Amino acid sequence: METIMHFLFLFTCAIAQNVEGPEDPCKTAYILDKMDQRFKENVAHNSSMLLCDRYRLGNGRWVRADGQDLLQTEPGLAELCGTRYPIWMKEAPPDTVGEEVERDACVMGLQGPCSKKLPIKIKKCVGYNVYYLTPPSACYKAYCFQYSEKGTPPTEVIPRPVVRHELVRMEAIIPKQELHFVCQFPPKGNVYYYQVIWYIEDEPVVIKDPVKMDAIQQTNLGYNQDPSKGYTKLGINVKCAVRLKVVPEGPPGPLSILSENFFAGIQVTSTKVNIRRDQPNENITIKLTVPFGCPILPDGSVEPCGLDVEMNVPRDPEKCKSEIKAAKAIDLIGQGKNCGFRISNTNWQESISLPIAFIDKPEYKLDLPDSPDGAFRIGMITGQKEGSPAWSGIELHDVYVHIQDSSDIWQGKKCAALNDPHMYTFDGRGFENQNKGRFVLYWGKNRNFPMEVQIETTECNSWPGRTNQPYCVCAVVVRAGADVFLIDRCRHRRIQITYLSCKENLLDARKESEMEYKVYFPSGTYVHAMLEDYTGVRTINVHVYPSKSDNDQTLGLCGTLNENRADDFMDRDGNLLRGEREFNTYWSLRDEEFLANMNDDELNALPRWKNDVVYCTCPHQHVFGDKPEAIGQCSEDTIVRCAKEENQQLNKNKCRIRSKRSTRRPFSHKMFEIHNHYFGEMEEVQLFRNKRATDENWTEEKARAYCNTFMKNSQTFKACDQVPSVNSVFLIENCVLDILMTNSTIWAAGGREALRTSCMKELSQNTTLKEDEEEGKPSIAEQIREVVCINECSGHGTCLNGTCDCDEGYGAKDCSMDLNKPPFVYGVNIDEGGLCDRRHCQKAVVEGFGFLDMETLKCSLSIFQVTENKTKVGETKTYIVPGEHDSIAEVICPLGPARRRRSVPEGFVQGITMSVSNNGQNYSTEHTLYIDILDGDCQDTVNVSGDIQFTLRKGYCYINGKCYGDGQLHGEDECMNCNSSKSTGNWSKVEGCGVTTNEENKEIEGKPSPEEDISTTTIVAIVIVCILVIAALVIAVILFRKKKKKSGRLSLKPEREKVVYSEVATTENI
């Protein structure tokens, strides 16, 4: 019971310590207004001057009275205290400091001096009293005060003061600066005491002790955890007032006029920001009104320091919607953990501009937040500042960003190069480009943000007896800044769908299917490339779909986007060109200007994007400086991400490997070099499509009839013909021209796919088509997507809900490929010449054609080891691993099994023979990749009479399957090291190690030899151990006998004790 009471006592004490009591009213700094007018002799001669406390006291509040107390005598008829019905009390205040009493205050009225009573409280504080006053029920009633007996109040009034600020040195383990506020006013001489009252947010919070003028710095307002003694947080409005006293405890004189409010903190000077949709960048501007303190160094100088401001943009992170991004905080604590910026103490007075950007959605309709005024709200808060809690966690004024819509002329527009290249400008002007060469299709005018699309055209095919040779697009190159993406399908060249450069991470290439790709510019403009395969020819249909930033900002064969076809044929300087021939010639490129022909150095020298700002997605909730959130998305752009999330992003690993070559030690020779003539000799994988070729001679009438029937009978036409901005007339005309030029219907399917492409694009951006027409009925967009499939499944499948269900034996998204035919492989890690540095080689890139995005895509890895001259040693192990589909021309094979280390490798280099299968059964030809077992720093390749073999680099040893540099010691024997001049395959003796000098021999002369010393020590140790063992046995026997006797005496004790003993014994035995 005693234990329980002790526990309850401790528990009660703990509660008492943790429960915070009511705030001490002595700390109040509230002074009732007009205290200098509340003396009983004051008679107001004008009703406008009458005092009224009905609204000054709220529902009741504590007020402080310095040198004054509530009137304690009945006021006479002429003693009105500046009001009409004065309030007084009959009893005196308490005399003991800390004592609090309840009293009744009398309200003088027509019925007498105490016609009504109000409950009040009084507490005696050190040097003054505080009163809890209940507000009267009406005007004009006010509390009446009398002066104390400690003197008379001064009559002089201090002129209106001004709030200033200064940094003051504060002593600590590490001295620092602290911000203080000064109430500045002209003095009235040193005969008075000056009392300063500080107000924060219009509330009196700190009353300073009265001081003489020579100690006036004691009235400054500094930081204090106690809000009655100083400010606790910045981002506040501060003002002050001053009054005089004759003696410190005496009654005060009239209070000066309050100073103007001084805002102390970070001022947001642009709380409302307007951004145009087609120019989606603006700035938020902030400015500090006071400096912040920093640590003081031993030499007296101030250490540079900063103040972090972090940002958040409230939004729904689960939904893909338009949003506001802010500049990446590259100098914040944590290196970019938050959106925001850092303010330096050396330039705190300067205004700071933070760039923000509107991240639009691709839809035509402007997507705004669900706020009353459709504005984005940006919140800002200061981070945690070490040693300065007043600066930590300050919430700044919210910024509201309003988005203004721009011209809609970009909506529904497209530029196209359709085979055999029928050109189409953004403004809808059609022309022909039946020329072989390279051309600029799209060119952005803004030189700060270079964007470009180039195409290459070549002969489509040769038809006997035809004089007109059609030309087709076989390559397209997309560039933003120094980033370049290539799709190359030209004959006699290696097929590539890859990044050539990705230094700025601006472009975003996405795969729609094996034969369909999109490349997004930072602006939201994107290039759509549809790969088409026909008998003996590979082509690309190219569309460029503009965004709002392209309005009047485009050139090239796409023309100028301004709804004026007359000025589409223009050069870079704005001059009109005469006719399509001059137009095509002007925008043609020399070989060295074509991006696909540039080497790494030339690509690296391309003009960069104006990347002054990296925009980031900010946290969607309030951030707290001690728990910064990761940014998530950062890029130098305003990328439209919502349009791309449904499609797989193409791999950039190969591009990054290429960009790292200069930082790595290269191998001296590649295992092979592949040139374009190598690809021209290869037999290619054939795609299966419905070909429409005939032997008859076509007239324009017959061609038109065929094209109308072919196009209008297709499911794509039936579903998409009524979709706005989808122009089937233009495509039918192209179909007619193709038939007349080639005497064949082989190109007809390409026109139908161009129709589908435009239709799908419109469905993704036209918000009206996504809206439900009737409740419970799908939208127009949903209805069309359910019945339209890529290439109408090539005649080898059924379109079900927008997806091809392929017939048995056929694969690809459009069912165009025969699964029984394996993909065609050119090689593995072609750019690296069939080599792979183990430090960077996690996966292998297999290049070729015909790789399908299927679950059955497999890589076969046969792993073996070879000596320096490529002689196989040891066993070969084969693994089947899932392939990672990147494009129809590349598959990525993980090298996990090959990277497993053996204890001691049998060979010098590891080799992997690889092949790929689409269906997990029919595999391609095999190609070999060599992985150096250790790393390229010590292993290299060498040309031995034309045969590429392996060798150690100079200055290295290869011992027991590991590389060691010259001078590297053996792990267990410091007298052995790697010395490649002596041996590259064995440890070498370190010269001089283990040999004693003459001086050392003299020191050990006369001492026993190490063998003798060891022998003596061993004998002594054995004797000691034996003695200890004997002693332990004797003690054990004695203890056992004592326990046995004790057990006999205690045999009548309860079984519980036996159990305890048994448990102990068991524990000891364990």
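Residues numbered from 1 in each chain as written. Predicted model: local features only at pLDDT ≥ 70, side-chain atom pairs only at ≥ 80, totals over all residues. Heavy atoms only, no water.

Q: Would you explain the pattern of salt bridges in this entry?
A: Oppositely charged side chains may form a pair once their charged atoms are brought near each other. Evaluated as defined, the whole model comprises 48 salt bridges. Between arginine 38 and aspartate 53 there is a salt bridge, with the nearest N and O atoms lying 2.8 Å from each other. Taken as a pair, arginine 38 in the loop between helix H1 (2-18) and strand S1 (61-65) and aspartate 53 in the loop between H1 and S1 lie far apart in primary sequence, 15 residues in all. Lysine 843 is the salt-bridge partner of glutamate 884, the closest N and O atoms lying 3.1 Å from each other. With glutamate 884 in strand S50 (residues 884-887) and lysine 843 in strand S47 (residues 843-849), this residue pair connects regions lying 41 residues apart in the sequence. (Salt bridge = Lys/Arg side-chain N within 4 Å of Asp/Glu carboxyl O. Helix = DSSP H or I, 4+ residues; strand = E, 2+ residues; numbered from the N terminus.)

Q: Sorry if this is basic, but what is going on with the packing of helix H9 (residues 748-765) against helix H11 (residues 780-787) here?
A: Two quantities define a packed helix pair, namely the angle between the axes and the distance from one axis to the other. Where H9 contacts H11, the two axes come as close as 10 Å, and the packing angle between them is 150°. Seen along the crossing, H9 lies across H11 with a hand that is left-handed. Every residue of H11 that contacts H9 at Cys759, Met760, Leu763 and Ser764 is listed here: Ala781, Ile784 and Arg785. Tallied by class, residues from the contact of H9 with H11 come to five nonpolar, one polar and one charged. (Axes fitted to C-alpha atoms, helices over the stretch in contact; angles between N-to-C directions. Left-handed = near helix turned anticlockwise from the far one by under 90°. Contact = heavy atoms within 4.5 Å. Nonpolar A, V, L, I, M, F, W, Y, C, P; charged D, E, K, R; others polar.)

Q: Honestly, the state of the cysteines in this entry has me stumped. Any pointers?
A: Working definition of a disulfide: a covalent bond connecting the sulfur atoms of two cysteines. Tallied over the entire structure, the rule returns 18 disulfides. Bridging cysteine 789 to cysteine 799, the disulfide has an S-S length of 2.1 Å. Looking along the S-S bond of the cysteine 789-cysteine 799 disulfide, the torsion reads about 80°, which is the right-handed sense. Here the residue cysteine 789 occupies a position in the loop between H11 and strand S41 (797-800), and cysteine 799 occupies one in strand S41, the gap between them amounting to ten residues. With relative accessibility at 3%, the residue cysteine 789 sits in the buried group. On the accessibility criterion, cysteine 799 (26% relative accessible area) is partly exposed. Two residues share a disulfide in this structure: cysteine 957 and cysteine 978, whose sulfurs sit 2.1 Å from each other. Here the S-S torsion is close to 85°, and the disulfide linking cysteine 957 with cysteine 978 is therefore right-handed. Here cysteine 978 lies in strand S58 (residues 976-979) and cysteine 957 lies in strand S56 (residues 956-959), a separation of 21 residues in the sequence. (Disulfide = S-S within 2.5 Å. Buried < 20%, exposed > 50% of the residue type's maximum accessible area, 1.4 Å probe, protein only.)

Q: Would you explain the confidence of the model for the chain in this entry?
A: Detailed reading of the predicted coordinates is not advisable wherever pLDDT falls low. Within the chain, residue pLDDT values average 81, and 80% of them lie at 70 or more. The low-confidence segment residues 330-337 (pLDDT under 50) makes 19 contacts with residues lying over four places distant or belonging to another chain. A low-confidence stretch, residues 635-641 stays under pLDDT 50, and its non-local contacts, those more than four residues away or across chains, total 33 contacts. (pLDDT = per-residue confidence, 0-100.)

Q: What's the story with the nonpolar core in this structure? I'm lost.
A: The nonpolar side chains of a soluble globular protein tend to be buried, and buried together. Core analysis: the biggest nonpolar cluster contains 71 residues, and Leu441, Val476, Phe485, Ile487, Ile497 and Phe521 have the highest contact counts within it. Among the nonpolar cores identified, the runner-up in size contains 60 residues, and Val242, Met311, Phe341 and Met380 belong to it. (Core = buried A, V, L, I, M, F, W, Y, C linked by side-chain atoms within 4.5 Å.)

Q: For this particular structure, what's the right way to read helix H6 (residues 700-712)?
A: Because each turn of an α-helix spans 3.6 residues, side chains separated by three or four positions end up pointing in the same direction. Between its first and last C-alpha, H6 extends 18 Å over 13 residues, near the 18 Å set by a 1.5 Å rise per residue. For H6, every residue scored as buried is listed here: Ala703, Cys707, Phe710 and Met711. Each buried residue of H6 lies within a common arc of 90° when the element is viewed along its axis, so the set occupies one face. Residues of H6 that are buried in the fold lie against helix H7 (715-720), helix H8 (728-742) and H9. (Expected span 1.5 Å × (residues − 1). Arc of directions from axis to C-beta.)

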